[in-house]
Amino acid sequence: MKLDPFYLIVDSAAWIERLVPLGVRLVQLRIKDLDEAGLRAEIRKAKALCARHQCQLIVNDHWRLAIEEGCDFIHLGQEDMQAADLSRIRAAGLRLGLSTHDDAELETALAVKPDYIALGPIYPTILKKMKWAPQGLERIGEWKRRVAPTALVAIGGLNPGRLESVFAAGAGSAAVVTDITLNADPESRTREWIEKTGRWR
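On a predicted model such as this, the values are computed, not experimentally measured, just so you know.

**Q** I would appreciate a short explanation of the sheet that holds strand β2 (residues 26-29) in the present structure.
**A** By definition, the strands of a sheet pair up through backbone hydrogen bonds, in either a parallel or an antiparallel sense. Judged by pairing direction, the barrel is parallel, and its eight strands sit side by side in the order β1-β2-β3-β4-β5-β6-β7-β8 before closing back on the first. With direction set aside, neighbouring strand axes in the sheet form an average angle of 25°. Bridging between strand β7 (residues 151-155) and strand β8 (residues 173-176) involves three bridges; their strand directions are parallel. Residue pairing for β8: Val153 is matched across the bridge by Ser173. Sitting on the sheet, helix α6 (residues 103-112) is in contact with β5 (95-100) and β6 (116-119), with an inclination near 170° to β5.

Right under this line is the structure:
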C-alpha cells in the first residue's frame, strides 16, 4: 500500500480539528493516559473529523476501541503487538502498522505481515526517552530492502529540512510529532510539511 508522505501524529482530537482541515491526509491519534470513556470520545470525534476531510485516521494502541468504533487502521508498538489479538484485528478488516527499532523487532514485525513498518528514531528526538541510538539514513535504506514491498515510515527528529534525505534513503512516508505540535505556529508548519512532501505524494 502507498501511504501519504506526510504522516502527522497528535495526541488529541482537538489537534485533528485544528490541523487536518489544512490538507492533512494521514493522521495518527496517539493518546496514552485517558480512561476508556475519554478514549472512546476522542476516537469517535477524530473519526468523524477525518471522514469529513478525506483524511486517513490511524488509532495508536487501542485496537479494541478502534474495532468497536468502526475504525479501519491501527498502529501498534512492539509491546502492544505482543498483547494484541492479531487474529481478531485481521478478522475485523483493520490495516496494521508496526513500530521497529532493531533487527529482532523487524523480524517480529515482518512475521505479522503488517501494512506498513515504522523505523525510528532516525534522528535524535525529544518526544520520549529512547533506549535506541538514532538509526540514521543508512538504516532506512537497509530497512527498505528488507521490508519491500511493505510501506516504510520514518519517524524521529524529522523536520522539513531533512525530508529530501529521508525520502532519498528509501522512506515512503515521514512521521512527525513535535516539529509541528511544539512549533510556535503549528498551522504554518503543517502547511510547510504538506508543501514539502508534495513531490512524493
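**Q** I keep staring at the side chain of His101 and nothing clicks. Help me out?
**A** The residue His101 is located in the loop between β5 and α6 in this model. Of note is the side chain of His101, whose polar atom sits 2.8 Å from the side chain of Glu105.

**Q** Please explain the packing of α6 against helix α7 (residues 136-147) as it appears in this structure.
**A** Angle between the axes and distance between the axes: these two values describe a pair of packed helices. Running from amino to carboxyl end, α6 crosses α7 at an angle of 25°, the nearest separation of the two axes being 12 Å. It follows from the interaxial angle that α6 and α7 lie roughly parallel. Considering the relative orientation of α6 and α7, their crossing is right-handed. Only Glu142, Trp143, Arg146 and Val147 of α7 make contact with α6, whose side of the interface consists of Asp103, Leu106, Glu107 and Leu110. Its residues assigned to classes, the contact of α6 with α7 comprises four nonpolar, no polar and four charged.

**Q** What is the right way to read the environment of Glu138 from this model?
**A** As for its position among the elements, Glu138 is in helix α7. Classification of Glu138 as exposed rests on a relative accessible area of 75%. Separated by 32 residues in the primary sequence, Glu138 and Gly170 have C-alpha atoms spaced 9.2 Å apart.

**Q** Just to check I follow, could you spell out the pattern of salt bridges for this structure?
**A** The full count for this structure, using the stated rule, is 18 salt bridges. A salt bridge links Lys32 to Asp61; its shortest N-O distance comes to 2.5 Å. Of this pair, Lys32 sits in the loop between β2 and α2 (36-52) while Asp61 sits in the loop between β3 (56-60) and α3 (63-68), and the two are 29 residues apart along the sequence. For Asp61, a relative accessible area of 13% translates into the label buried. Of the charged contacts in the structure, one is a salt bridge between Arg199 and Glu164, with a shortest N-O distance of 2.6 Å. Of this pair, Arg199 sits in the segment after α10 (186-196) while Glu164 sits in helix α8 (residues 163-169); the two residues are 35 residues apart in sequence, bridging distant segments of the chain. Using a relative accessible area of 58% as the deciding quantity, one classes Arg199 as exposed.

**Q** Whenever I open this one, unusual backbone geometry confuses me. Can you help?
**A** A negative phi angle is the norm for most residues apart from glycine, just as the trans form is the norm for most peptide bonds. In this chain, Gly120 is followed by Pro121 through a cis amide linkage whose omega measures -10°. Along the chain, the position of Pro121 falls in the loop between β6 and α7. For Gln54, which is not a glycine, the phi torsion comes out positive at approximately 50°. Here Gln54 lies in the loop between α2 and β3. Owing to a relative accessible area of 58%, Gln54 belongs among the exposed residues under this scheme. Of note, the phi angle at Lys113 is positive, near 55°, even though the residue is not glycine. Along the chain, Lys113 falls in the loop between α6 and β6. By relative accessible area, which is 65% here, Lys113 ends up exposed.

**Q** Honestly, the nonpolar core in this entry has me stumped. Any pointers?
**A** Among soluble globular proteins, nonpolar side chains are generally buried collectively. The biggest cluster of nonpolar side chains holds 54 residues, and the ones touching the most others in it are Leu8, Ile16, Val27, Leu57, Ile74 and Leu76. Ranked by residues supplied to this core, first place goes to α2 with five residues. If sequence neighbours within four positions are ignored, Val27 has contacts with Tyr7, Leu8, Val10, Ile16, Val20, Cys50, Cys55, Gln56, Leu57 and Ile58. Membership of the second largest hydrophobic core comes to 12 residues, among which are Leu3, Ile9, Tyr116 and Val177.

Calculation notes
Residues numbered from 1 in each chain as written. Predicted model: local features only at pLDDT ≥ 70, side-chain atom pairs only at ≥ 80, totals over all residues. Heavy atoms only, no water. Pairing = 2+ DSSP bridges. Helix = DSSP H or I, 4+ residues; strand = E, 2+ residues; numbered from the N terminus. Axes fitted to C-alpha atoms, helices over the stretch in contact; angles between N-to-C directions. Contact = heavy atoms within 4.5 Å. Polar contact = N/O pair within 3.5 Å; in protein donor to acceptor, adjacent residues only side chain to side chain. Parallel < 35°, antiparallel > 145°, perpendicular 65-115°, else oblique. Left-handed = near helix turned anticlockwise from the far one by under 90°. Nonpolar A, V, L, I, M, F, W, Y, C, P; charged D, E, K, R; others polar. Buried < 20%, exposed > 50% of the residue type's maximum accessible area, 1.4 Å probe, protein only. Salt bridge = Lys/Arg side-chain N within 4 Å of Asp/Glu carboxyl O. Core = buried A, V, L, I, M, F, W, Y, C linked by side-chain atoms within 4.5 Å.

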